[in-house]
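One letter stands for each residue in the lines below.
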Amino acid sequence: VVGGAHVLNDVADAERDGLRLATVSFPSGELPDSEAGVALARVADGALVHFVSWEGTITAVEGPAASATSTDVLVLMSGQTVSGVSLQLVGSGSSYADFAWSGPVAHTKGDFNALQVLPSDTPPSLDDISTVNVWINEMHYENTGADDEFFEVAAPDGTVLDTLSAHFYDKDGYVYQIIGLATGGTAAAATIGDQQQGFGTSAFVVRDFNGGGGGVALVRDYDQAVANFVSYEVDGGLVARDGAAAGLTAQATGVEENNGQADGLSLQLGGDSGFVGADYVWQSPLAATPGAVNVNQVLGAALPTPPPPPPLDNIWINEVLYDYDNDNLDAAASSSEEFVEVVAAADIAAPSDYAVWVYGDDGRVASGPHVLPAAFEDTRSGYGVLHVPFADGELPDTVGGVALARVADDELVQFLSWEGTVTAMDGPAAGVTSTDILVSMSGRSNVYTSLQLVGDGAAGAAYDTYVWRGPVAHSRGQFNTDQLLDGEILSPALVDAPVMWVNELHYQDDGSPDVDEGIEVAGTAYLELHRFSAHFYDSVGAVYAVVPLEQSGAAMLPNTQAGIGVVWLPVSELDNGPGGVAIVRDYDGLVCDFISYEEPEPFTATNGRIAGEVASPIGVQESNSQPLGYSLQLTGNGGTDKSAFTWSQPAPHTRGVVNNQQAFGTPANIFSYFEGFENIDVLPADDWTLVSGRAEIHGSADYTGSAGLRVRQTSELVTKFHSTSGAPNLHVSFAARTNNLDRNEVCTVSYEYDDGSGVRVRFGDTFDNYFDDNYEDWSVYTFTITDAAVQHDVRLVFECNASRSNERIDIDDLHIFSN
C-alpha cells in the first residue's frame, strides 16, 4: 500500500439506473506511472470488492487486498500521453463484467463514460463491423538496435479513430496490452486525413511490441467487435484465446522481422490499388513510412502510369566535387565549392523539372530535392550543362550518393555513389542500390579538382559511353575535357598511342604502416598527365583504386633525360600482393602498361575499365623485412621505351629521377655514368680521376652502405669529360647524403673548365649544395652546365671540408647527359 484509505464521498457525482458514481482525485504523481494498482474495499471491515492494475499484475502483501492478485486492465498511459484523457470502461450493461477497458480517450471525470451505455440509455447505432473499413497497414517490432516500435492503420478520409483500440496478442494467443486509437497517433485529432485519393494513415508508438510471433487486432471499444486481425511469425495465422478476438484466426503476414535487421525498416502492405486491407499484400522489410503511404502502395484506384524516365542519353550526372582540402584554401575559394553537374539534351524544355537528392551511407536522404537551374550554363552539339552548388560538407565526405529524379513524381533517372554502394531507404531511389563510380576524393584533394566523365560520344552521346576519372581540374558549368559529344572530332592528342610505363614500384617495407608507397611513371616527355590514370588491382584481379596521374603534382611529364620524363605518384595503402598496376588513358581505356607483382602466373583484370587484359609479371618483389627507402626499379642503358629495361631487386629508391643503373636515350648522348652497384673498374679510366682523398666503392671491406662513391675529410672527387656531339648544354643529376657534419662543415658540388686561353673558370659558388645532415635520407640534385663550358674539358668536383674521419658525403646515381 502506497496510499489510502481514500474514502468515497457519500454524495454521488452522478446517478443513473440505480447506479451511483463517485470520484476520488489525486495530486499529480500520487498514482504510480508504471506497474501499480488500486483496490476498492469496505472501510468497516476491509472486505475487498475489486482489485485492478495497469502495466502488469500485482500480488498484494498488505492492506485489504493482501494475498490477492490484481486484474490487469491491459490498457495503459505514458509520459507521451496527452492531457485530458483517461482509461475507461466501455460497452453496455449494469455491472463491471458487462464492460471492457479502453483508452486513453477523452476523460469523463465526474460522469459516466461516453461509450458506457446503461439500461435506460439508448444504445448507439452501430454499423456491422464488417463494413468498418480500417486496417493494420504497417508494423515494426524488431531490429538490431533499440527498437523504435510502431504500428500504422489506414482508413478512408474522415474516419474517426476514437472508438477503436488495438489489442496486442502474444504468440500463444493471449492479450498482453491494449492501445486506444483516440490519441497518440500521427493523424490530427484522431481523424484520418486525405493523403492519397480519399484515404490516409495514422501511426502509433508501441512501448512493448513482442518479437518472435504475435498479432494485432483492431477492436471497436463499445461492443468489442473486431474490424481487422493480423499476425506475424505464426504459421497459418494466430488463433486468439481470449479478449475481443477470442476464437478468431488472424490473417498471417507471411513476412517477418528479426533482431539482425537494420534500423529504419518495417513490414508494410503494398499494391498498386486498393480500397480495403484485403486488396494489398504484405512485403518484406522496407524503409519505414510511419504515418505516410507505404513503399509500393497506392491507396484508392490505380494511378495513371507515369511517363517513363528519360533515357540516360538525354540526361545524366556528369561531374561531382564532394571533398577537398579546406585547411589550405586560397583567397578565391569559397565555403560553397562542392557541386553536382548534370548534362541534358538541349531539347529538354525545362531542366528544372528535375532535381538532385543527396544520400548518406545509411541510405537515408540527407538533403533534397535540389532543383536544377532553369537555364543551361553552356551548350554544345545539342546538349546543355548545368550544376547544383552545395555548401562545404553537404555532400558526404565518405560513402555517399546522389540521385537524379523527376520532381513531379519522384521518377528515378540515375543513382550514383562514391567510395562504395548505398541502398536507398527513402526518397526517389528507395529500394535501389547505387552504382559506385570507383573514383574518389579526400580531404587532401585540391578544391579546384573534381570527378568527371570523359570519353568518346561522337557516335551518340549517352552516360554509358563515358567513364569516370579524377580528381582532375574541374570544369564546373562547362563540358569536361576529353568528353566528345555527337559528331565532334577527336583531339589530335588522343589519336596516337602514347609511350608510357611503370618505371618504379614500392608497396611493402618493414614500416608499420608501409612508408612512401607509390609508383614512378616514365614516358615521352611533355605528355599531358591529366589524360591518364593508374589502376590498382588486388590479388583476384579486381580494381580497388583509380588514381589520376595528375596527383603526382605535375601537369605533364618533364624532359628528365633524352626526351623521356619520370614522375612519382604517391599512393597510400597499396596491396602487398599479389597485385597489379595499369597505366590507362582515361578517354578510351587504352592500356599503356599493365604489370603484376608477386604473381608468377598470368594475372588478368577481372573488372574495371580494362577487364580481360593480362598483366606482365615483373619477377621481383618486396617483403615486410625490407628497409625503408628501397623500391623495385627498371634498369638498363640507352632505351626510349620499356622494352630496353628489366626489373631489378630492391635498391635505394629514386623517386622522380632516373633509376639506379638506368639511362634513357642512345649511348652517344650519355657522357658519363656511374652506379653504386657496379665495380668502378668497368668504367673508362679517363672518365674518372681521383685528385685527392679516397673513393670507397660499395662492397669494399670497410664500407657496407649503399652509396656509389664516398668523399671524406678535406678531399674531393673529380670526373673530367667533354662534349663530342656539339650539344649546347649538359645536365647533371645525382643523389647525395651526409653524416656527422658540424655547422661550419659543408659539402659542395661545382664544375670548372679551361676557357681555351689557359684561364681556369670555376662555377662552384653558383652550384653549392648544402645537403641535409640526415644519413637515412637521400636527396636528389640536378643542374645544367651551359654551352660555354662544354666545348672544353670540364671537371665536376665533389668536395667535403669535414675534419673527422666519420664525417662524409656519399654520392650515388650520377648521370651526365645532353639535351
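Being a predicted model, the structure only gives us computed values, none of them experimental.

Draft legend 1. Structural view of the overall build of the chain. Counting its secondary structure elements, the chain contains 1 helix and 52 strands. Burial statistics for the chain: of 819 residues in total, 49% are counted as buried. The contacts in the chain between residues at least 6 apart in sequence include a share of 62% that link residues at least 24 apart.

Draft legend 2. Looking closely at the environment of Asp-72. On the secondary structure map, Asp-72 appears in strand E5 (residues 71–72). Considering only alpha carbons, one finds Asp-72 and Gln-177, 105 residues apart in sequence, at a separation of 9.1 Å. In this structure, Asp-72 is in contact with Ser-53, Trp-54, Glu-55, Gly-56 and Thr-57, ignoring residues within four places of it in sequence. Reaching out from Asp-72, the side chain makes a polar contact with the backbone nitrogen of Gly-56 at a distance of 3.1 Å.

Draft legend 3. Molecular detail of the pairing of strand E19 (residues 315–321). Among the 7 residues in E19, 7 count as buried, and that is most of the element. In this structure, E19 lies alongside strand E20 (residues 338–345), joined through 6 bridges in antiparallel fashion. Residue pairing across strands places Val-320 opposite Val-340, the latter belonging to E20. Across 2 bridges, the pairing between E19 and strand E28 (residues 449–456) is antiparallel. Counted as the bridge partner of Val-320 is Leu-451 from E28.

Draft legend 4. Region of the structure containing the packing of aromatic side chains. For the structure on display, the rule yields 22 aromatic pairs. Ring centres 4.2 Å apart and planes at 25 degrees place the aromatic pair Tyr-141 and Tyr-232 in the stacked group. Remark: Tyr-232 occurs in strand E15 (residues 225–232) and Tyr-141 occurs in the loop between strand E9 (135–140) and strand E10 (150–156); sequence separation between them is 91 residues. Relative accessible area serves as the criterion here: at 1%, Tyr-141 is assigned to the buried category. Under the relative-accessibility criterion, Tyr-232 is labelled buried at 1%. Ring plane angle 25 degrees and centroid distance 4.3 Å describe the contact between Tyr-507 and Tyr-597, whose orientation is recorded as stacked. Pair noted here: Tyr-507 is in the loop between strand E31 (500–506) and strand E32 (518–524) and Tyr-597 is in strand E37 (residues 591–597), with a separation of 90 residues, a long-range link. Through a chain of ring-to-ring contacts, the aromatic side chains of Tyr-141, Phe-151, Phe-168, Tyr-176, Phe-204, Phe-209 and Tyr-232 assemble into a single cluster. Residue placement shows Arg-655 over the ring face of Trp-568; its charged tip is 5.8 Å from the ring centre.

Draft legend 5. Fine view of empty space enclosed by the protein. Under the defined criterion, the tally for this structure stands at 2 cavities of 30 Å³ or more. Roughly 50 Å³ of volume is contained in the second largest cavity. Taken together, His-506, Asp-509, Val-515, Asp-516, Trp-568, Leu-628, Gly-629, Tyr-630, Ser-631, His-653 and Arg-655 make up the lining of the second largest cavity. For the lining of the second largest cavity, the per-class residue count stands at 4 nonpolar, 4 polar and 3 charged.

Draft legend 6. Geometry of the pattern of salt bridges. As enumerated under the stated definition, the model contains 11 salt bridges in all. With a shortest N-O distance of 3.3 Å, Arg-207 and Glu-55 are connected by a salt bridge. With Arg-207 in the loop between strand E13 (199–205) and strand E14 (214–220) and Glu-55 in the loop between strand E4 (48–54) and E5, the pair connects residues that are 152 residues apart, well separated along the chain. Overall, Arg-207 belongs to the partly exposed group, its relative accessible area being 49%. Note that Asp-426 and Arg-364 form a salt bridge whose closest N and O atoms lie 3.8 Å from each other. Linking Asp-426 in the loop between strand E26 (412–418) and strand E27 (435–436) with Arg-364 in the loop between strand E21 (354–359) and strand E22 (365–371), this pair joins segments that are 62 residues apart in sequence. The class for Asp-426 is partly exposed, based on a relative accessible area of 24%.

Draft legend 7. Focus on the sheet that holds E14. Pairing within the open sheet is mixed, and its 5 strands lie in the order E12-E11-E14-E15-E16. Two strands bound the open sheet, and with one partner strand each, they are strand E12 (175–180) and strand E16 (251–252). Pairing of E15 with E16, which is carried by 2 bridges, proceeds in the parallel orientation. From the neighbouring strand, Ser-231 faces E16, where its bridge partner is Ala-252.

Draft legend 8. Seen up close, unusual backbone geometry. Between Ser-512 and the following residue, Pro-513, the backbone shows a cis peptide bond with an omega angle of 5 degrees. In this structure, Pro-513 sits in the loop between E31 and E32. The omega torsion of the bond from Gly-577 to Pro-578 falls at 0 degrees, within 30 degrees of zero and hence cis. Within the fold, Pro-578 resides in the loop between strand E35 (564–570) and strand E36 (579–585). Backbone geometry places Gln-197, a non-glycine residue, at a positive phi of 50 degrees. Tracing the backbone shows Gln-197 in the loop between E12 and E13. At Ala-562, a position not held by glycine, the phi torsion is positive, near 55 degrees.

Draft legend 9. Fine view of the environment of Pro-309. Tracing the backbone through its elements, the reader meets Pro-309 in the loop between strand E18 (281–287) and E19. Put simply, Pro-309 and Gln-414 are 105 residues apart on the chain and 9.4 Å apart in space, counted from C-alpha to C-alpha. Ignoring anything within four residues of it in the chain, the contact list for Pro-309 reads Arg-406, Glu-411, Leu-412 and Val-413.

Draft legend 10. How the structure looks around the nonpolar core. Core analysis: the biggest nonpolar cluster contains 51 residues, and Ile-315, Leu-372, Leu-404 and Trp-468 have the highest contact counts within it. Tallying contributions element by element places E20 first for this core, with 6 residues. In this view, Trp-468 contacts Ile-317, Asn-318, Glu-319, Val-320, Leu-416, Ile-437, Val-439, Leu-451, Gln-452, Leu-453 and Tyr-463; residues no more than four positions away in its chain are not counted. One finds Met-500, Ala-534, Leu-549 and Val-581 within the second-largest nonpolar core, a separate group that totals 36 residues.

Draft legend 11. Representation of the side chain of His-535 within the structure. Structurally, His-535 can be placed in strand E33 (residues 532–537). Judged by relative accessible area, His-535 falls into the buried class, the value being 6%. Not counting chain neighbours up to four residues away, the residues in contact with His-535 comprise Ala-545, Val-546, Gly-580, Val-581, Ala-582, Val-584 and Arg-609.

Draft legend 12. Structural context of the sheet that holds strand E39 (residues 614–617). Here 6 strands make up an open sheet; going across it, the order is E34-E33-E36-E37-E39-E38 and the pairing mixed. The sheet is open, and its two edges are formed by strand E34 (543–548) and strand E38 (603–604), each paired on a single side. Note that E36 and E37 share 6 bridges and pair antiparallel. Looking at the pairing, Val-584 lines up with Val-591 of E37.

Draft legend 13. Layout of the side chain of His-167. Within the fold, His-167 resides in strand E11 (residues 164–170). Every residue in contact with His-167, bar those within four places of it in the chain, is listed here: Gln-177, Ile-178, Gly-215, Val-216, Ala-217, Val-219, Gln-224 and Ala-244.

The rules behind these values
- Residues numbered from 1 in each chain as written.
- Predicted model: local features only at pLDDT ≥ 70, side-chain atom pairs only at ≥ 80, totals over all residues.
- Heavy atoms only, no water.
- Helix = DSSP H or I, 4+ residues; strand = E, 2+ residues; numbered from the N terminus.
- Buried < 20%, exposed > 50% of the residue type's maximum accessible area, 1.4 Å probe, protein only.
- Contact = heavy atoms within 4.5 Å.
- Polar contact = N/O pair within 3.5 Å; in protein donor to acceptor, adjacent residues only side chain to side chain.
- Pairing = 2+ DSSP bridges.
- Phe/Tyr/Trp six-rings, centres within 6.5 Å; stacked < 30°, edge-to-face > 60°.
- Lys NZ or Arg CZ within 6 Å of the ring centre and 35° of its normal.
- 1 Å grid on protein atoms, 1.4 Å probe; cavity = no way out; pocket = protein on both sides within 12 Å on 5 of 7 lines; lining within 4 Å.
- Points joined across faces, edges and corners; volume = space filled by probe spheres on them.
- Nonpolar A, V, L, I, M, F, W, Y, C, P; charged D, E, K, R; others polar.
- Salt bridge = Lys/Arg side-chain N within 4 Å of Asp/Glu carboxyl O.
- Core = buried A, V, L, I, M, F, W, Y, C linked by side-chain atoms within 4.5 Å.

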